[in-house]
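# Chain and residue survey
Residues per chain are reported as follows:
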Amino acid sequence: MPTLDSEAIVTGLLAAAQLTVSPQEKATFVKDYPLMRSNADALYLAELEFVEPAVTFDPTVYYPA
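Cut-offs applied
Residues numbered from 1 in each chain as written. Predicted model: local features only at pLDDT ≥ 70, side-chain atom pairs only at ≥ 80, totals over all residues. Heavy atoms only, no water. Helix = DSSP H or I, 4+ residues; strand = E, 2+ residues; numbered from the N terminus. Salt bridge = Lys/Arg side-chain N within 4 Å of Asp/Glu carboxyl O. Buried < 20%, exposed > 50% of the residue type's maximum accessible area, 1.4 Å probe, protein only.

Moving on: the environment of Gly12. Positionally, Gly12 belongs in helix H1 (residues 6–16). It is 18 Å that separates the C-alpha atoms of Gly12 and Ser38, two residues lying 26 residues apart in sequence.

As structure tokens, then:
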């Protein structure tokens, strides 16, 4: 498994979102990123890859044009 460069990833994410944060906030994001990433990755279940994710909502049924 590749090691994460949390500093570079957080910097890139903040730049992509065009957000400016304080140095303290950025340090917290960098520190917490590996845990957040692993928790997000744990939500993926390979056996459900080809299953429809949810019933879709069609607003035109409830709110006709």
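On we go.
We now examine the pattern of salt bridges. Taken as a whole and judged by the stated rule, the model has three salt bridges. Ionic pairing is found between Glu7 and Lys26, a salt bridge with its closest N-O pair at 3.3 Å. Of the two residues, Glu7 is situated in helix H1 and Lys26 in helix H2 (residues 23–42); the sequence distance between them amounts to 19 residues. Classification of Glu7 as partly exposed rests on a relative accessible area of 41%.

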